[in-house]
Amino acid sequence: MEGGAGRGLECQKTMDGKANNGDAADRAIPSCCLKARACVPDADAKCHSTVVSGWFSESHSCSGNASKTVYFNNPMWPGEAHSLKVNKVLYKGKSDYQEVLVFESEAYGKVLVLDGIVQLTEKDECAYQEMIAHIPLCSIPSPKSVLVVGGGDGGVLREISRHSSVEVIDICEIDRMVIDVSKKFFPDLAVGFEDPRVKLHVGDAVEFLRLAPEGKYDAIIVDSSDPVGPAQELVEKPFFETLARALRPGGVLCNMAESMWLHTHLIQDMISVCREIFKGSVHYAWASVPTYPSGVIGFLVCSKEGPPVDFLNPVNPIEKLEGAEQYKRELRFYNSEIHSAAFALPTFLRREVPSLRDSSTGHAQ
Ligand code: SPD
């Protein structure tokens, strides 16, 4: 990864055993990733299933060896693995990009897992999808043109649909299997695809954005998986540049931004890169999602230079949009109060991510 979230990539290189052979590489690797290295299995490692004795444990799959897939401690959260009791495995498949697993859990309803990592559960998906969609869309008046990058399960589309001002919803998802699996097992999310404003593009978002007309979108939402595997490029500086190009002046980006408990270096890097590129306001918000590592997930929000955006005080409150709170199904997590509260940051995060205190662009947080 260039400049920005480079250290995240160093983790991956370490797992692949490529950047793990010299002092220079070691110096570039943060301590969390060095810890992860201790967990990398050797070439003869035994294959493990993600579901063992009726429990799923979040892990990372490595398909480097064509003949087998091995699972091990995820370098994004070394030393911990959240487990869910499995009542029934409903689907297991392998797409061109990743392994796809769906199971019925005892405590959280159906669960979608990609490459060993929980993407959503029926019980707590509302928090993530509602926040990643409404934080940006309620921060600008009357959004019309929206792009979703990733988001193949359809949950973010479902949330965007609540905004009647929106005329076009483009979605670019690389993996057709995720869409198909969601339509089959997660109808409450895949309902998002039924909105006539939605235009589905199955393909590489980097390519899609390169071809997108400059300034086309009022808002872009990046609902990616973690930056290992197919989503790696999505936290790199060139990708943020293409996102900024596709936004109109004063347009907003909301990007999945991992956990403040686990990834302060990644958050710091993403914020620095985005401040440089977007030149409007850049903020970090977070929400509780019990089935994501450490139980929280973050959102990086940026506005492109142009009409100023005050992310902390929604100018387009959901409560004032007729029928929005009930559209298709009731909102379960998001409201204007939680919108503003999501930007309140714990002291340790302000200390560890100094750019969050930097008021040179936008508001100090
Ligand atoms: N660590 C898991 C992060 C997953 C983010 N994407 C979830 C997709 C839900 N639409």
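For the structure given in this document, a descriptive report is provided here. Remember, predicted model here, so these are calculated numbers, not experimental data.

**Observations regarding the overall build of the protein chain**
Assigned secondary structure in the protein chain consists of 12 helices and 15 strands. When each of the 365 residues of the protein chain is scored for burial, the buried share is 59%. Restricting to contacts in the protein chain with at least 6 residues of sequence separation, those with at least 24 account for 68%. Of the roughly 14800 Å² of accessible surface on the protein chain, a fraction of 51% belongs to carbon and sulfur atoms.

**Topic: the site of the ligand**
Looking at the ligand, the residues that line it are Val-118, Gln-119, Tyr-128, Gln-129, Asp-153, Asp-223, Ser-224, Asp-226, Tyr-292 and Pro-293. Note that a nitrogen atom of the ligand is positioned 2.6 Å from one of the side-chain N or O atoms of Asp-153. When isolated, the ligand has an accessible area of 340 Å², and the protein chains bury 99% of it. Applying the majority rule of atoms within 2 Å of the grid points places the ligand in the largest pocket. Looking at the shell around the ligand, the elements that each hand over two or more residues are strand S8 (117-121) and helix H4 (125-137). Here the shell around the ligand is composed, by residue class, of 4 nonpolar, 3 polar and 3 charged.

**Observations concerning the pairing of strand S12 (residues 217-223)**
For S12, the buried fraction is high: 7 of the 7 residues fall into the buried class. Across 5 bridges, the pairing between strand S9 (residues 145-150) and S12 is parallel. Residue pairing for S12: Val-149 is matched across the bridge by Val-222. Pairing analysis gives 5 bridges linking S12 to strand S13 (residues 247-256), with the strands arranged parallel. Considered in S13, the bridge of Ala-219 is made with Val-252.

**As for the packing of aromatic side chains**
The final tally for this structure, using the stated rule, is 5 aromatic pairs. Ring plane angle 35° and centroid distance 5.2 Å describe the contact between Phe-56 and Phe-103, whose orientation is recorded as tilted. With a gap of 47 residues between them, Phe-56 in strand S2 (residues 55-57) and Phe-103 in strand S6 (residues 99-105) connect regions that are remote in the sequence. Both residues of the pair, Phe-56 and Phe-103, belong to the buried class. When the ring of Tyr-91 is compared with that of Phe-185, the centres are 6.0 Å apart and the planes differ by 45°; the resulting orientation is tilted.

**A few points about helix H9 (residues 237-246)**
Regarding H9, the residues found buried are Phe-239, Phe-240, Thr-242, Leu-243, Ala-244 and Ala-246. Packed against the buried residues of H9 are S9, helix H8 (205-211), S12, S13, helix H10 (264-278) and strand S15 (296-304).

**As for the sheet that holds S13**
Pairing is mixed in the open sheet, where 7 strands are placed in the order S11-S10-S9-S12-S13-S15-S14. At either margin of the open sheet sits one strand with a lone partner, and together these are strand S11 (198-202) and strand S14 (279-288). Sheet twist, expressed as the average angle between the axes of neighbouring strands with direction ignored, equals 15°. Against the sheet, H4 makes contact with S9, S12, S13, S14 and S15, and its axis sits at roughly 155° relative to S12, the strand it touches most. Against the sheet, helix H6 (residues 176-185) contacts strand S10 (168-173) and S11, and its axis sits at roughly 130° relative to S11.

**So, the sheet that holds strand S5 (residues 83-94)**
What the 6 strands build is an open sheet, ordered S1-S2-S5-S6-S7-S8; its pairing is antiparallel. Edge positions in the sheet fall to strand S1 (51-52) and S8, since each has one partner strand and no second. When strand S7 (residues 110-114) meets S8, the two strands line up antiparallel, connected through 4 bridges. Residue Val-111 lies in a different strand from S8, and its bridge partner there is Thr-121.

**Notes on the nonpolar core**
Membership of the largest hydrophobic core comes to 44 residues, with the highest contact counts inside it found for Ile-220 and Phe-278. The element that contributes the greatest number of residues to this core is H10, accounting for 8 residues. Contacts of Ile-220, omitting those with residues within four sequence positions, involve Leu-147, Val-149, Leu-209, Leu-243, Ala-246, Leu-247, Val-252, Leu-253 and Cys-254. Tyr-128, Ile-179, Ala-219 and Leu-321 belong to the second-largest nonpolar core, a separate cluster that totals 42 residues.

**Side note on the side chain of Ser-145**
As for its placement among the helices and strands, Ser-145 is situated in strand S9. Owing to a relative accessible area of 10%, Ser-145 belongs among the buried residues under this scheme. Only 3.2 Å separates the side chain of Ser-145 from the backbone oxygen of Lys-216, close enough to count as a polar contact. Contact partners of Ser-145, with chain neighbours within four places excluded, come to Val-168, Lys-216, Tyr-217, Asp-218 and Ala-219.

**Quick notes on the environment of Pro-141**
Among the secondary structure elements, Pro-141 is positioned in the loop between H4 and S9. When the C-alpha atoms of Pro-141 and Asn-316 are compared, they prove to be 5.4 Å apart, with 175 residues separating the residues in sequence. Excluding residues within four positions of it along the chain, Pro-141 makes contact with Val-315 and Asn-316.

Conventions adopted
Residues numbered from 1 in each chain as written. Predicted model: local features only at pLDDT ≥ 70, side-chain atom pairs only at ≥ 80, totals over all residues. Heavy atoms only, no water. Helix = DSSP H or I, 4+ residues; strand = E, 2+ residues; numbered from the N terminus. Buried < 20%, exposed > 50% of the residue type's maximum accessible area, 1.4 Å probe, protein only. Contact = heavy atoms within 4.5 Å. Areas by Shrake-Rupley, 256 points an atom, 1.4 Å probe, with all protein chains shown as cover. Near = heavy atom within 4 Å. Polar contact = N/O pair within 3.5 Å; in protein donor to acceptor, adjacent residues only side chain to side chain. 1 Å grid on protein atoms, 1.4 Å probe; cavity = no way out; pocket = protein on both sides within 12 Å on 5 of 7 lines; lining within 4 Å. Sits in = over half its atoms within 2 Å of the grid points. Nonpolar A, V, L, I, M, F, W, Y, C, P; charged D, E, K, R; others polar. Pairing = 2+ DSSP bridges. Phe/Tyr/Trp six-rings, centres within 6.5 Å; stacked < 30°, edge-to-face > 60°. Axes fitted to C-alpha atoms, helices over the stretch in contact; angles between N-to-C directions. Core = buried A, V, L, I, M, F, W, Y, C linked by side-chain atoms within 4.5 Å.

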